[in-house]
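# Inside the fold
Residue-level listing of the chains:
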Amino acid sequence: MSVRLVFLGPPGAGKGTQAQLLASQYGVEQLATGDILRRNVREGTELGREAKRYMDAGDLVPDAVIIGMVESELAGSTGFIVDGFPRTIAQAQAFDALLARLEAPLTAVLLFEVPREQLIERLTGRWICPKDQSSYHLTFNPPRNAGKCDVCGTGLVQRSDDTLETVTRRMAVYDEQTAPLIAYYRKQGNLISIHAERPVVDVTAEILTALSERQGAGA
Ligand code: AP5
């Protein structure tokens, strides 16, 4: 089943974790703007050098940079899960225009809802694979072998923006610039709320049920 999904929610809500699981289940591409930016930072590209100062501060990278990046990544794609984009109303409007040109309407926008105090705990205990971007948590989602990625065995690392100070700034930026997208997509009739405070397997099950009900209803 081909799907075109947006995962929306605050930092640490589990968007990346679920996007990776579901992209392989649905056989579609996962497009995570944060992962693409971090790859560019590691590779020292011009885009990476420009993005790094915003990311380290917990601020958003300028819309024009992000929109151009997503347009080139999505060229020719028929199914995808977009995680971390759009993050501003301007990005959402540009994305709508792109999808209209591609004649590829969204299947749904999933809103990951988690109480704020849990988000801080999740982010400060997160470890990621620098190679394939799999996301783990010391307590809630540990790797099978301590410190190693389940998928490729690479040593796990912590993200430089997962300090308490930067996480606090990222939450404020979410409230100011990204939360308005909830009303934007609700108005389009695309929004599905997910109880993302539950364990990883339960969140996956809720998403699969919600999407199959939606597709069954012909929405
Ligand atoms: P980005 O990488 O997109 O970060 P984010 O949105 O802040 O989201 P996170 O990756 O922190 O969280 P997540 O929801 O994916 O959670 P995860 O699954 O890892 O963006 C980083 C930066 O890049 C931004 O600050 C900005 O500067 C820039 N940027 C990116 N996109 C941009 C855009 N469109 N425009 C402008 N700038 C942009 O889970 C978190 C932890 O919780 C993990 O440890 C995980 O194992 C654990 N966990 C997951 N699910 C559960 C669960 N159900 N129960 C318990 N623990 C769980």
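Before reading further, recall that the structure is shown in the block above.
Criteria and cut-off values
Residues numbered from 1 in each chain as written. Predicted model: local features only at pLDDT ≥ 70, side-chain atom pairs only at ≥ 80, totals over all residues. Heavy atoms only, no water. Buried < 20%, exposed > 50% of the residue type's maximum accessible area, 1.4 Å probe, protein only. Helix = DSSP H or I, 4+ residues; strand = E, 2+ residues; numbered from the N terminus. Arc of directions from axis to C-beta. Contact = heavy atoms within 4.5 Å. Phe/Tyr/Trp six-rings, centres within 6.5 Å; stacked < 30°, edge-to-face > 60°. Near = heavy atom within 4 Å. Polar contact = N/O pair within 3.5 Å; in protein donor to acceptor, adjacent residues only side chain to side chain. Areas by Shrake-Rupley, 256 points an atom, 1.4 Å probe, with all protein chains shown as cover. Nonpolar A, V, L, I, M, F, W, Y, C, P; charged D, E, K, R; others polar. Pairing = 2+ DSSP bridges. Axes fitted to C-alpha atoms, helices over the stretch in contact; angles between N-to-C directions. Lys, Arg positive; Asp, Glu negative; His and termini not counted. Salt bridge = Lys/Arg side-chain N within 4 Å of Asp/Glu carboxyl O.

## Digging into helix 6 (residues 116-124)
Among the residues of helix 6, L119, R122 and L123 are the ones counted as buried. Angular distribution of buried residues about the axis of helix 6 spans 90 degrees; they occupy a single face of the element. Tucked inside the fold, the buried residues of helix 6 contact strand 5 (126-128), strand 6 (135-137) and helix 7 (164-178).

## Some points on the packing of aromatic side chains
Under the counting rule described, the total for this entry stands at four aromatic pairs. A centroid spacing of 6.2 Å and a plane angle of 55 degrees characterise the contact between F80 and F95, whose relative ring orientation is tilted. Residue F80 is located in strand 3 (residues 80-83), and its partner F95 is located in helix 5 (residues 89-102); the two are separated by 15 residues in the primary sequence. On the accessibility criterion, F80 (1% relative accessible area) is buried.

## Here's the deal with the side chain of Q133
If you trace the backbone, Q133 turns up in the loop between strand 5 and strand 6. According to the relative accessible area criterion, Q133 is buried, its value standing at 16%. Sequence-distant contacts of Q133, defined by excluding residues within four places in its chain, comprise Q20, D35, R38, R42 and I128.

## Quick word on the site of the ligand
Taken together, 37 residues lie around the ligand, and T17, D59, R126, Y136 and R170 are the ones closest in. For the ligand, an oxygen atom lies 2.9 Å from a polar atom in the side chain of R38. Protein coverage of the free-state accessible area of the ligand, which is 1000 Å², stands at 96%. Elements supplying a minimum of two residues to the shell around the ligand: helix 1 (15-26), helix 2 (33-43), helix 6, strand 6 and helix 9 (200-216). Of all the elements, helix 2 adds the most residues to the shell around the ligand, at four residues. In terms of residue class, the shell around the ligand is made up of 16 nonpolar, 11 polar and 10 charged.

## Comments concerning the environment of K187
Structurally, the position occupied by K187 is in helix 8 (residues 180-188). In this structure K187 comes out as exposed when scored by relative accessible area, which is 77%. Residues K187 and D59 lie 128 residues apart in sequence; the distance between their C-alpha atoms is 27 Å.

## Some remarks on the sheet that holds strand 3
Pairing is parallel across the open sheet formed by five strands, whose spatial order is 2-3-1-4-7. Of all the strands in the sheet, the pair left with one neighbour each is strand 2 (29-32) and strand 7 (191-195). Sheet twist, expressed as the average angle between the axes of neighbouring strands with direction ignored, equals 20 degrees. Relative to strand 3, strand 1 (residues 4-8) is paired through four bridges, and the arrangement is parallel. Each bridged residue has a counterpart across the sheet, and for F7 the counterpart in strand 3 is D83.

## Section: the side chain of R122
Among the secondary structure elements, R122 is positioned in helix 6. Despite being buried, R122 has no salt bridge partner; E197 is the closest side chain of opposite charge, sitting 6.7 Å away. Not counting the four nearest positions on each side in its chain, R122 is found in contact with G12, A13, G14, V114, H137, F140, A196, E197 and R198.

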